[in-house]
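Remarks on the overall topology
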Amino acid sequence: MEAQEASRDVAETTGRLKSTEVNLEQASQQASGAAQELRNAQEAANIAREKCSRSRAGVEKRCNELQEKARLQLKGWQALKLQECWLESLQARVEGGIASEAQNRAALRAEAQRLIAELHRLDEQLAVEPSVDA
């Protein structure tokens, strides 16, 4: 009986051993599959990282180009603003000159009219004086 019991124990142990070996083989296959999935995921992450790096480099390049363009436009705007101030100053001087010229012409006309009136008065005096002497 002991032999039968021992034989049964050996059979049970052998069965459990085979079951454990099957479980171990399945776990090993799952681990291999998981390792392959991990490698695939790492490769995909590397590709995505490289694509992201290229995109970032492109965006940085475009930003630098836009910054330079904005700097040039700002310099151009500053030059235009300076020229606008200069033109406004020139326009104010020209307007002042025109107003001054208008005042001077009015004063000249008034002086000319005064001189003409003075000449008429002198002509009248000269015209009256010869007839008084005769």
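Everything numeric here is computed off the predicted structure, so don't read it as measured data.

When you go through the protein chain residue by residue, the secondary structure sums to one helix and zero strands. For 134 residues, the compact-globule formula gives about 14 Å, and the C-alpha radius of gyration of the protein chain, at 56 Å, lies well above that figure. Each principal axis of the C-alpha atoms in the protein chain carries an extent, and together these give about 190 × 20 × 10 Å. Relative to its full complement of 134 residues, the protein chain shows a buried share of 0%. In the structure as shown, the protein chain presents an accessible area of about 12,100 Å², 59% of it carried by carbon and sulfur atoms. Distance between charge centroids for the protein chain: 6 Å, based on 19 positive and 22 negative side chains.

Taken together, E2, E5, D9 and E12 make up a surface patch of like negative charges. Tracing the backbone shows E12 in helix α1 (residues 2-133). According to the relative accessible area criterion, E12 is partly exposed, its value standing at 45%.

Its place among the elements puts A92 in helix α1. Accessibility expressed as a relative area gives 45% for A92, which makes it partly exposed. Each C-alpha atom of the pair A92 and E5 lies 124 Å from the other, and the pair is 87 residues apart in sequence.

A few words now on the state of the cysteines. All chains considered together, the criterion is met by zero disulfides. Among the cysteines around C52, which has no disulfide bond, C63 carries the closest sulfur, lying 14 Å off. Taking relative accessible area as the criterion, C52 reaches 47% and is therefore assigned partly exposed.

Parameters and conventions
The residue numbers shown here count from 1 along each chain, following its written sequence. In keeping with the predicted nature of the model, local features appear solely for residues at pLDDT of at least 70, side-chain atom pairs appear and are counted solely at 80 or more, and the whole-chain, interface and lining totals rest on all residues. Water and hydrogen atoms were dropped before computing side-chain values, which therefore reflect all heavy atoms in the structure. Counting from the N terminus, the helices are DSSP H or I runs at least four residues long and the strands are E runs at least two residues long. We take the radius of gyration over the C-alpha atoms and set the globule estimate at 2.2 Å times the residue count to the 0.38 power. Per-residue accessibility, obtained with a 1.4 Å probe over protein chains only, is compared with the maximum for each type, and a residue is labelled buried under 20%, exposed over 50%, and partly exposed between these values. Only the protein chains shown count as cover for residues, and all accessible areas are computed by the Shrake-Rupley method using a 1.4 Å probe. Only four residue types enter the tally: Lys and Arg on the positive side, Asp and Glu on the negative side, with His and both chain ends excluded. Note on charges: their place is set at NZ of Lys, CZ of Arg, CG of Asp or CD of Glu. Like-charged residues are merged into a patch within 9 Å and nonpolar side chains (Val, Leu, Ile, Met, Phe, Trp, Tyr) within 5 Å, provided each residue has over 30% relative accessible area and no salt bridge. Any Lys or Arg side-chain nitrogen found within 4 Å of a carboxyl oxygen on Asp or Glu counts as a salt bridge. Criterion for a disulfide: a pair of cysteine sulfur atoms at a distance within 2.5 Å.

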